[in-house]
Amino acid sequence: MIDIARFRADPEGFAEAWRHRGLDVDVAALADLDKRVRELKTEAESAKAEANAASKAIGRVAKDGGDINAARSEAKRLGDRGKELSEQRQELEDAFKAQILELPNPCLTTVPVGSDETGNVVTETWGSPATFAGDAKPHWELGPALDILDFERGAKLSGSGFVVYRGLGARLNRALISWFIDQLSGEHGYTELGVPYLVGPEAMQGTGQLPKFADQLYRCAEDELYLIPTAEVPVTNLHAGEIFDVADLPRRYCAHTPCFRREAGAAGVGTRGITRVHQFDKVEMVWLTTPERSDDDLMTMRGHAELMLQRLGLHYRVLELCTGDTGFSSAHTYDLEVWSPGTGSWLEVSSCSTFTDFQARRAGLRYRSEPGAKPSLLHTINGSGLALPRCVIALLETHQRSDGSVTVPEVLRPYLGGVEVIAPA
RNA sequence: GGAGAGGUGGCGGAGCGGUUGAACGCGCCGGUUUCGAAAACCGGUCUAGGGGAAACUCUAGCGAGGGUUCGAAUCCCUCCCUCUCCGCCA
C-alpha cells in the first residue's frame, strides 16, 4: 500500500508514477474521497467527544445520588449522532481503502520507463552459451529419455501443468534445494525457515497477492486458506505487526517451499515441458531491512543468486525491469535469466525486488531507528534463490552430451551420492 | 472432534458496569547520589489516526467481530487462538 500522507502532498507525482506503469488513475477523485473521509472523521469524533463528556458527567451525578434521567436522553442523542457519522465515514473509508489496495507501488525514479518487457534493460551477461556438435535437445526430450521426467503421469494425476520427477530427476531436484539452502544459510548467513504452505487472507494481502490477484491463487474455500504461490508470502508475513530494534536488522531468511500457481490465462503459451507449471519448488530469499540500506541490500542479495548460477556453470543474464514490467508490489526489480540451449530462450529463474515500504505498510512491519524512537516502516526485499524447474531445464540442456547423458555439476555431486553423470538406464 | 481453563501494555499480574490507557511489580529511558558502579530515591516509558505552526488536543484499541447501556476490559452472542484431559491420527 502506498503512503497516504505522501499521496496527499503530491497526488500528481503518484499519477505520473502510475502512468509509467500503464495505469491512468483519477488522483483528483481519490484525493477528494480522502478529504471527505477526514472531514467526516473530525465531525464524528467531536460528536463522540461530547457524548463521552456527557457520560462522564452522568457518572459523577449518579455517584452523588442525583437525578440523571434528563442527561441520559441527551447523552444518547449525542452518542447516536456520533455513531451515525462514524458509519458514514466507515463507508467512504472502505471505498477509499479498496481503491488504494489495488494501486501498485510507484517505481523508483531510477527505473527505466517502458510500457512492457521490450523496455527491460540487459545490464549484465555471465558466461557464454554452451556449444554442441549437433542440435541441443530440449529438456522435454532429454527428461523422458533419461526416465527422470514423466509428463504423462503428471497430467494423469492432476492435469496439464503437473509433472512427476523420477529417480535421479527427483533426486536432482532435491539436491538443488539442499544445495541452494546450504549456500545461503552456510555461506551468506541466512536463517533457514520451514513455513506453512497454506496461509490466511491477511498474509496474502500483506505481500500484495490479494485482493488484486485472487484469480491466480489456489484457495481452500472450506477453511479460507490459500496455497502459497511463493515462500515470499509466509516469510515476509512472519513478523507482521511486530516492531524490531534497528540492531536486529537486517533479517535474512531463506526457505524452500513448493509454489502453487493457477496461471489463469497463461495456459498453452509456450509452456511445453516444465517451464511453466502449476506446482514447483523454489528457494526464496527474504530480507527485512532499513530504508537506508535496502538499495544496496538488493544488489547483495542479487549477487547471492548470481553466485549460485555461476557455480552451476549456467550462462545467464541480468535484466533490469522497466516500469511497465515491474510487479505490482515492487519498486525496482532485477530478473536473472538462464540460457536454455534446448529451447533457444532465456528463462527467468530469479526475480530480485525491493518493495520499499509497500509490503511493510500492508503487513505492519516496523522498526525503531534507535531505542525509544517512534516505530517506522522497514523495507522488504526478496528474490528467488532459485526457482527449481528452470534450473533443472538449464542444467539438463547445458550439460547434455552427445550420447544423451547429462554431466552433473561438481558442486551437486555430493548431494547426488557421488553420481557424476545421469545416463539412460 | 468432545470436556474444562484461559486470552489484559515489553514481561508478570490486578481490575469484573462509571472520570481506567488501565493498579502493582519487573524491565527500559532520564535525573539525583557516586571516583565509577550497584543500591536507593525522583521523573518518564503503548500504538494507530484526526485537528493544530507548535504547545497540545480529540478519537479508537484490554484475542477478533457484533450486541445491550447515557457509559463496557468488565454483561450477552459469534468466531479465533493457547493450555489440560479424552478421542482420533502421520
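In this text the structure is predicted, and so the values were computed from the model without any measurement. (Residues numbered from 1 in each chain as written. Chains lettered and ligands numbered in written order. Predicted model: local features only at pLDDT ≥ 70, side-chain atom pairs only at ≥ 80, totals over all residues. Heavy atoms only, no water.)

## Re the pairing of strand β13 (residues 345-354)
Alignment of strand β12 (residues 332-340) against β13, held across nine bridges, turns out to be antiparallel. Directly across from Ser340, in β13, lies its bridge partner Ser345. Taken together, β12 and the strand that follows it, β13, pair antiparallel across an intervening segment of four residues, in which Gly344 is found at a positive phi of about 65 degrees. Judged from the two bridges that link them, β13 and strand β16 (residues 379-387) form a sheet pairing that is antiparallel. Paired with Ser353 across the two strands is Asn382, which belongs to β16. (Pairing = 2+ DSSP bridges. Helix = DSSP H or I, 4+ residues; strand = E, 2+ residues; numbered from the N terminus.)

## Comments concerning the sheet that holds strand β9 (residues 251-260)
Read across the open sheet, the eight strands follow the order β1-β11-β12-β13-β16-β10-β9-β4; overall the sheet is mixed. Strands at the two margins of the open sheet, each flanked by one partner only, are β1 (121-126) and β4 (191-193). When the angles between neighbouring strand axes are averaged without regard to direction, this sheet yields 25 degrees. Helix-sheet contacts for helix α7 (residues 168-187) involve β4, β9, β10 (279-289) and β16, and the interaxial angle to β10 is about 10 degrees. (Axes fitted to C-alpha atoms, helices over the stretch in contact; angles between N-to-C directions. Contact = heavy atoms within 4.5 Å.)

## Focus: the protein's contact with RNA strand B
Of all residues adjacent to RNA strand B, which total 20 residues, the nearest are Arg8, Lys41, Thr42, Ser55 and Arg366. Counting only the atoms of RNA strand B within 4 Å of the protein, the fraction contributed by sugar and phosphate is 64%. At 2.9 Å, a side-chain N or O of Thr42 approaches a sugar or linking oxygen of RNA strand B. One nitrogen or oxygen atom from the side chain of Arg368 is found 3.1 Å from a phosphate oxygen belonging to RNA strand B. Among the elements that line the surface near RNA strand B, the one with the most residues is helix α3 (residues 27-63), at twelve residues. (Near = heavy atom within 4 Å. Polar contact = N/O pair within 3.5 Å; in protein donor to acceptor, adjacent residues only side chain to side chain.)

## What to know about the packing of aromatic side chains
Applying the stated criterion across every chain yields a total of nine aromatic pairs. Each ring, one from Phe7 and one from Phe14, has its centre 5.8 Å from the other, and the planes form 70 degrees; the classification is edge-to-face. Each member of the pair Phe7 and Phe14 is classed as buried. Ring plane angle 65 degrees and centroid distance 5.2 Å describe the contact between Trp339 and Trp346, whose orientation is recorded as edge-to-face. An aromatic cluster is built from Phe7, Phe14 and Trp18, whose rings are joined through pairwise contacts. Taking the ring centre of Trp287 as reference, the NZ or CZ of Arg252 above it sits at 5.0 Å. Here Arg302 stacks its cationic end above the ring of Tyr334, 4.6 Å away from the centre of that ring. (Phe/Tyr/Trp six-rings, centres within 6.5 Å; stacked < 30°, edge-to-face > 60°. Buried < 20%, exposed > 50% of the residue type's maximum accessible area, 1.4 Å probe, protein only. Lys NZ or Arg CZ within 6 Å of the ring centre and 35° of its normal.)

## Focus on the layout of surface pockets
Its volume calculated, the largest pocket comes out at about 1,800 Å³. Lining the largest pocket are 50 residues; nearest its centre among them are Arg261, Glu263, Arg276, Glu348 and Ser351. Put simply, the parts of the chain that give the lining of the largest pocket at least two residues each are β10, β12, β13, β16 and α12 (388-398). Ranked by the residues each element gives to the lining of the largest pocket, the list is headed by β13, at eight residues. One number sums up the size of the second largest pocket: a volume of about 430 Å³. Along its surface, the second largest pocket is lined by 23 residues, and Arg6, Ala17, Pro106, Cys107 and Thr109 are the ones closest to its centre. Elements with a minimum of two residues in the lining of the second largest pocket: α2 (11-20) and α11 (358-363). When residues in the lining of the second largest pocket are grouped by element, the largest group, five residues, is from α2. Its residues assigned to classes, the lining of the second largest pocket shows eleven nonpolar, six polar and six charged. (1 Å grid on protein atoms, 1.4 Å probe; cavity = no way out; pocket = protein on both sides within 12 Å on 5 of 7 lines; lining within 4 Å. Points joined across faces, edges and corners; volume = space filled by probe spheres on them. Nonpolar A, V, L, I, M, F, W, Y, C, P; charged D, E, K, R; others polar.)

## With respect to the nonpolar core
By size, the foremost hydrophobic cluster in this structure holds 52 residues, and its most contacted members are Leu172, Leu176 and Phe180. The element best represented in this core is α7, accounting for eight residues. Phe180 has contacts with Val283, Met308, Leu312, Gly385, Leu386, Leu388 and Cys391, leaving out every residue within four places of it along the chain. (Core = buried A, V, L, I, M, F, W, Y, C linked by side-chain atoms within 4.5 Å.)

## What to know about the pattern of salt bridges
Taken as a whole and judged by the stated rule, the model has 21 salt bridges. For Arg8, the salt bridge is made with Asp34, and the minimal N-O distance between the two is 2.7 Å. Taken together, the residues span a long stretch of sequence, with Arg8 in helix α1 (residues 4-9) and Asp34 in helix α3 at a distance of 26 residues. Given a relative accessible area of 39%, Arg8 falls into the partly exposed group. Take Asp34: its relative accessible area is 4%, and that puts it in the buried class. The partner of Glu187 in a salt bridge is Arg311, with the nearest N and O atoms 2.8 Å apart. Of this pair, Glu187 sits in helix α7 while Arg311 sits in helix α10 (residues 294-311), and the two are 124 residues apart along the sequence. Given a relative accessible area of 33%, Arg311 falls into the partly exposed group. Each of Asp3, Asp357 and Arg361 takes part in salt bridges that share partners, so that together they form one network. (Salt bridge = Lys/Arg side-chain N within 4 Å of Asp/Glu carboxyl O.)

## Comments concerning the packing of α7 against α12
Packing of α7 against α12 brings their axes to within 10 Å, and their N-to-C directions diverge by 110 degrees. When the interaxial angle is binned, α7 and α12 end up roughly perpendicular. Two packed elements cross with a definite hand, and for α7 against α12 that hand is right-handed. Contacts from Leu172, Asn173, Leu176, Ile177 and Phe180 of α7 reach α12 at Leu388, Cys391, Val392, Leu395 and Leu396. Grouping the constituent residues of the contact of α7 with α12 by class yields nine nonpolar, one polar and no charged. (Parallel < 35°, antiparallel > 145°, perpendicular 65-115°, else oblique. Left-handed = near helix turned anticlockwise from the far one by under 90°.)

## A short note on empty space enclosed by the protein
In this approach, a probe sized like a water molecule rolls over the atoms, and the result shows the empty space that is left. Going through the model one piece at a time under the given rule, you end up with one cavity of 30 Å³ or more. Taken as a whole, the largest cavity encloses approximately 30 Å³ of empty space. Residues of the lining of the largest cavity, tallied by class, amount to six nonpolar, two polar and no charged.

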